[in-house]
Amino acid sequence: MEALLYPDSPLDSSTPNRGALPAYWVGPRHLAGDDGRLYDAVADTLAGLGWTSLVIVRGREHNEGPEDRQVVRSTVLHISPDTLRWAQWVLPDEPFYLGELPIAWQISAREHPDSPLARWSAYFTPGIPGEVLCDFLLALDARDQPTTELMGPELVLDVVAEHGWLRDVDQPYSVAMHPTFTSHLSFGEVPPLIQDTDPRALSVEAQEPGATGWQAWAEPVMGAAYLWAASFSASVPHNLAAAFASSLSSTAPVLRQVLPESTRDRLLRAPAS
């Protein structure tokens, strides 16, 4: 496979004709969807922070004729100026699934520029509000060292509780949910394939419990398809997870033109003009 780097993006042209759509301020934001512009929202934020973007195109082997070298996969990689953190738009590639939804963004960080592997990674599917992912990235960019743990896990549940989310009666120190029970936040064993350099994540045996990390998801109807899902590997600092949780649970409305079908009837809306 060959990897070619191009300075331009984007790869997703699925955004509807937005100029013909009315705009609304809607809430709650955890059910507001991504407005059909999850790539653009994040990419614009990263460009404003000075991150470099590269389109990575993978083609077939060199020994094939030019007419056979079809592009089979491509992603967009955004890299921070210090190269310690990066965000990759993997939806056009061959992403694995989280809550039966494909991963759209993978965000990672390492301890120093010579580290060959990411210290931790976080994964986000389509449907997650772009504002939430952008707030997570702003918090990540603001840190001098993106892999150092500064706070304990209790911080994450404290911030959502301040916004009216409920702690689980049976697991008050690891699970919280919106009062409508449509969105959830949980600290527990991470799903398979979540990349992390924590030794527990690398050496766990089949019958042993794995490393623990934060997971979040929106399930508008019990037992139905998720609207979005997010997974944080074991070494993601808790204060970064708290930045995500604070934005997710915020009561501030968000601007939308495209509303998710599964939550349209649950959203409060007001014309933006």
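Residues numbered from 1 in each chain as written. Predicted model: local features only at pLDDT ≥ 70, side-chain atom pairs only at ≥ 80, totals over all residues. Heavy atoms only, no water.

A. Layout of the overall build of the protein. Assigned secondary structure in the protein consists of five helices and 16 strands. Counting across all 273 residues of the protein, residues that qualify as buried make up 47%. A sequence separation of at least 24 residues applies to 67% of the contacts in the protein between residues at least 6 apart. Summing over all exposed atoms, the protein offers an accessible surface of approximately 13400 Å²; the carbon and sulfur share of this is 54%. (Helix = DSSP H or I, 4+ residues; strand = E, 2+ residues; numbered from the N terminus. Buried < 20%, exposed > 50% of the residue type's maximum accessible area, 1.4 Å probe, protein only. Contact = heavy atoms within 4.5 Å. Areas by Shrake-Rupley, 256 points an atom, 1.4 Å probe, with all protein chains shown as cover.)

B. Geometry of the sheet that holds strand β15 (residues 254–256). Here three strands make up an open sheet; going across it, the order is β15-β2-β16 and the pairing antiparallel. Pairing within the sheet leaves two strands with one partner each, and these edge strands are β15 and β16 (268–271). Direction aside, the axes of adjacent strands within the sheet are offset by 35 degrees on average. Pairing analysis gives four bridges linking strand β2 (residues 24–27) to β16, with the strands arranged antiparallel. Pairing of Gly-27 across the sheet is with Leu-268, part of β16. (Pairing = 2+ DSSP bridges. Axes fitted to C-alpha atoms, helices over the stretch in contact; angles between N-to-C directions.)

C. Representation of the nonpolar core. With 52 residues, the main nonpolar core has Trp-105, Phe-124, Phe-136 and Phe-244 as its most contacted residues. Once residues within four sequence positions are removed from consideration, Phe-136 is found in contact with Ile-107, Trp-120, Ala-122, Phe-124, Phe-232, Leu-240, Ala-241 and Phe-244. Counting seven residues, the second largest nonpolar core, distinct from the first, contains Val-90, Ile-103, Ile-194 and Ala-229. (Core = buried A, V, L, I, M, F, W, Y, C linked by side-chain atoms within 4.5 Å.)

D. Examining helix α1 (residues 38–48) more closely. When α1 is considered as a whole, its buried residues turn out to be Leu-38, Tyr-39, Ala-41, Val-42, Ala-43, Thr-45 and Leu-46. Two residues or fewer after α1 comes Gly-50, characterised by a positive phi angle close to 85 degrees.

E. Examining the pattern of salt bridges more closely. For the coordinates displayed, the defined rule picks out six salt bridges. Of the charged contacts, one joins Arg-85 and Asp-82 as a salt bridge, the two residues approaching to 2.6 Å between their closest N and O atoms. Asp-82 gets classed as partly exposed once you look at its relative accessible area, which sits at 32%. Here Asp-158 makes a salt bridge to Arg-167, at a shortest N to O gap of 2.6 Å. Since its relative accessible area comes to 33%, Asp-158 is described here as partly exposed. (Salt bridge = Lys/Arg side-chain N within 4 Å of Asp/Glu carboxyl O.)

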